[in-house]
Amino acid sequence: MYAWPASEVPALPGTGRDLRIHDTATGGPLTLAPGPVARIYVCGITPYDATHLGHAATYNAFDLVQRVWLDTKRQVHYVQNVTDIDDPLLERAIRDGEDWTRLAERETALFREDMTALRMLPPQHYIGAVESIPGIVPLVERLRDAGAAYEIDGDFYFSVEADPHFGEVSHLDAEAMRLLSAERGGDPDRPGKKNPVDPMLWMAAREGEPSWDGGSLGPGRPGWHIECVAIALDHLGMGFDVQGGGSDLVFPHHEMGASHAQALTGEHPFAQAYVHAGMVALNGEKMSKSKGNLVFVSTLRREGVDPAAIRLALLSHHYRADWEWTDQVLQEAAARLARWRAAVSRPDGPSADALVEEIRTALSDDLDAPQALLAIDRWAERQHTDGGTDEGAPGLVSRAVDALLGVAL
Ligand SMILES: Nc1ncnc2c1ncn2[C@@H]1O[C@H](COS(=O)(=O)NC(=O)[C@@H](N)CS)[C@@H](O)[C@H]1O
Ligand SMILES: [Zn+2]
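Calculation criteria
- Residues numbered from 1 in each chain as written.
- Chains lettered and ligands numbered in written order.
- Predicted model: local features only at pLDDT ≥ 70, side-chain atom pairs only at ≥ 80, totals over all residues.
- Heavy atoms only, no water.
- Helix = DSSP H or I, 4+ residues; strand = E, 2+ residues; numbered from the N terminus.
- Rg over C-alpha atoms; globule rule 2.2 N^0.38 Å.
- Buried < 20%, exposed > 50% of the residue type's maximum accessible area, 1.4 Å probe, protein only.
- Areas by Shrake-Rupley, 256 points an atom, 1.4 Å probe, with all protein chains shown as cover.
- Lys, Arg positive; Asp, Glu negative; His and termini not counted.
- Charge placed at Lys NZ, Arg CZ, Asp CG, Glu CD.
- Axes fitted to C-alpha atoms, helices over the stretch in contact; angles between N-to-C directions.
- Parallel < 35°, antiparallel > 145°, perpendicular 65-115°, else oblique.
- Contact = heavy atoms within 4.5 Å.
- Donors = N, O, S within 2.8 Å, 3.2 Å for Na, K, Ca; no water.
- Tetrahedral: all angles 85-135°; square planar, octahedral: opposite > 155°, others 65-115°.
- Pairing = 2+ DSSP bridges.
- Near = heavy atom within 4 Å.
- Polar contact = N/O pair within 3.5 Å; in protein donor to acceptor, adjacent residues only side chain to side chain.
- UniProt positions renumbered as here; feature names shortened; annotations may be inferred.
- Arc of directions from axis to C-beta.
- Salt bridge = Lys/Arg side-chain N within 4 Å of Asp/Glu carboxyl O.

Draft legend 1. The overall build of the protein chain, seen in detail. From N to C terminus, the protein chain includes 13 helices and 14 strands. A compact globule built from 409 residues should have a C-alpha radius of gyration of about 22 Å, and the protein chain, at 22 Å, falls within 12% of that. With respect to the three principal axes, the spread of C-alpha positions in the protein chain is 75 × 45 × 35 Å. The 409 residues of the protein chain split such that 59% are buried. When the accessible surface of the protein chain is summed, it comes to about 16200 Å², and 51% of that surface belongs to carbon and sulfur atoms. For the protein chain, the separation between the mean place of its 36 positive charges and that of its 61 negative charges on side chains is 4 Å.

The following block contains the structure:
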């Protein structure tokens, strides 16, 4: 399906540094060495309650990954899905008495608007789960025929034993896995399962629910993890550079996705690096649909908040940190934006050549955006107190802040 319009990425002098980023699977920093086309899959929204600031913070992290790669003169192949069929989506549609396809379309459209306003670069492939079903069915049949999947009353489960690398993304023990599986859409207590955490691949049609042709599987709809595997394998292939999402996707979602793909192809790894963003909270609890403690990008925009200030608020926290959204965070970001805009509207200033390198160094070091912001603060401060004679500096700062941080001054 259609993504959203790309904002222009200004060219900068010189070249950026290769990205060193924290990989959940190895538990440490990994210096990525993508080919000329860097490949990234970032899990998209389940389209209701879009776009809250937790979503925005996570997509901001992977927008930075893209911008660092573009600055190293690479191309980027970015793929993102929309989970436009899933239990929580159907439940919300029933709660609100709305047709589930209308709800999905409306919320996806709002997400596109918010991403455009925040100047997040769009994926080249923006793919819905529903449109992927014809590609999902044969993968489930292949897993079943290879003995890596089994049936219980028409539902098909993936057997985690089928992948010798299972557990290498999250490194969780069986008990922790079982708890998270129950919390995040799994059914560990269902009788007949080989392993309690074995996840659903294909759910047989339920009374009153949408279902699709499943070939030899029978009518039904896809499980959550296989959707992302089908889309990633179809557009990126095995061994792509980054699988991204928030830290609540480590298990079961990204662990299972890796195992599905590794069992399907016999190759390893699914992704070179598994990168996870921290959780944004409000009033002490992770912003989440189930808790309803959400701050929406569109609400802030409707209140007249500059999207660039929202972006700076996100950038002022390290992408892996869990943090609390407060009005103060937004106010500080708005003040910083005003200072920077005043600085780059001056006709000259101290040379910004070193600043561009400072921003590059900070971002290439596990996306340390807070450090990059402080470097820009220092340049603006120096210009304010000492002035400067470099007439190209304000323009260079403005282009660097846009290209590397996505903020239009
Ligand atoms: N409070 C939060 N803070 C940071 N990121 C969050 C928060 N809540 C959700 N996310 C992230 O936002 C992205 C979309 O979340 S979602 O709408 O629930 N959708 C899904 O997780 C699936 N559609 C992925 S295939 C995920 O990467 C998720 O980890
Ligand atoms: Zn996903």
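Draft legend 2. How the structure looks around the packing of helix H10 (residues 327-344) against helix H13 (residues 393-405). Here H10 crosses H13 at 140°, and the two axes come no closer than 8 Å. With respect to H13, the axis of H10 lies oblique. Residues Trp340, Ala343 and Val344 of H10 form the contact with H13, whose own contacting residues are Pro394, Val397, Ser398 and Val401.

Draft legend 3. Structural context of the coordination of the zinc ion (ligand 2). At this site the zinc ion (ligand 2) is bound by Cys43 (SG), Cys228 (SG) and His253 (NE2), with donor distances of 2.0 to 2.2 Å. Of note is the zinc ion (ligand 2), whose 4 donor atoms meet at the metal with angles of 100 to 123° in an arrangement that counts as tetrahedral. Counting the intervening residues between successive donors of the zinc ion (ligand 2) yields the motif C-x184-C-x24-H. On the criterion of sequence distance, the pair formed by Cys43 in the loop between strand S3 (37-42) and helix H1 (53-71) and Cys228 in helix H6 (residues 224-235) is long-range, its members being 185 residues apart. Here Cys43 matches Cys228 in class, with each residue buried.

Draft legend 4. Focus on the pairing of strand S10 (residues 240-246). Counted residue by residue, S10 has 7 buried out of 7 residues, so it is predominantly covered. Of the pairings in the sheet, the one linking S3 to S10 comprises 3 bridges and is parallel in character. Within S10, the position partnered with Ile40 by the bridge is Val242. Where S10 meets strand S11 (residues 271-277), 6 bridges bridge the pair, whose relative direction is parallel.

Draft legend 5. Fine view of the site of ligand 1. Lining the immediate surroundings of ligand 1 are 24 residues, of which Gly44, Thr83, Asp248, Met287 and Lys289 lie closest. Contacts to ligand 1 include His55, whose side-chain N or O atom sits 3.2 Å from an oxygen atom. In the complex, the protein chains occlude 95% of the 600 Å² of accessible area that ligand 1 would expose alone. Of all the secondary-structure elements, those providing two or more residues to the shell around ligand 1 are H1, H6 and S10. The element best represented in the shell around ligand 1 is H1, accounting for 4 residues.

Draft legend 6. Here's a closer look at the UniProt feature "short sequence motif: 'HIGH' region" (unreviewed entry) in the protein chain. Here, UniProt's "short sequence motif: 'HIGH' region" (unreviewed entry) annotation points to residues 45-55. With 27% helix and 0% strand, residues 45-55 has its two end C-alpha atoms placed 8 Å apart.

Draft legend 7. Focus on the sheet that holds S10. Reading across from one edge, S5-S4-S3-S10-S11 is the order of the 5 strands in this open sheet, with parallel pairing throughout. Looking at the sheet topology across the chains shown, the edges are occupied by strand S5 (125-128) and S11. Mean inter-strand twist for the sheet, computed between neighbouring axes without regard to direction, equals 20°. As defined by bridge partners, S3 adjoins strand S4 (residues 75-82) across 6 bridges and the pair is classed as parallel. Directly across from Ala38, in S4, lies its bridge partner Val76.

Draft legend 8. Representation of helix H5 (residues 174-183). Every buried residue of H5 is listed here: Met177, Leu180 and Ser181. Buried residues of H5, viewed axially, fall in a sector of 105°; they line one side. For H5, the exposed residues set more than 90 degrees away from the buried face come down to Leu179 and Glu183. Of the surrounding elements, those touching the buried residues of H5 are helix H7 (250-265). At the N-terminal boundary of H5, the capping side chain belongs to Asp173, with an oxygen 3.2 Å from the backbone nitrogen of Glu175. Of the residues one or two after H5, Gly185 is the one with positive phi, at around 95°.

Draft legend 9. Expanded view of the pattern of salt bridges. What the rule picks out here adds up to 27 salt bridges. A salt bridge links Asp145 to Arg144, with the nearest nitrogen and oxygen atoms 2.8 Å apart.

Draft legend 10. Structural context of the environment of Gly167. Inspection of the secondary structure assignment puts Gly167 in the loop between strand S7 (155-158) and H5. Through-space distance from the C-alpha of Gly167 to that of Ser259 is 8.5 Å; in sequence the pair is 92 residues apart.

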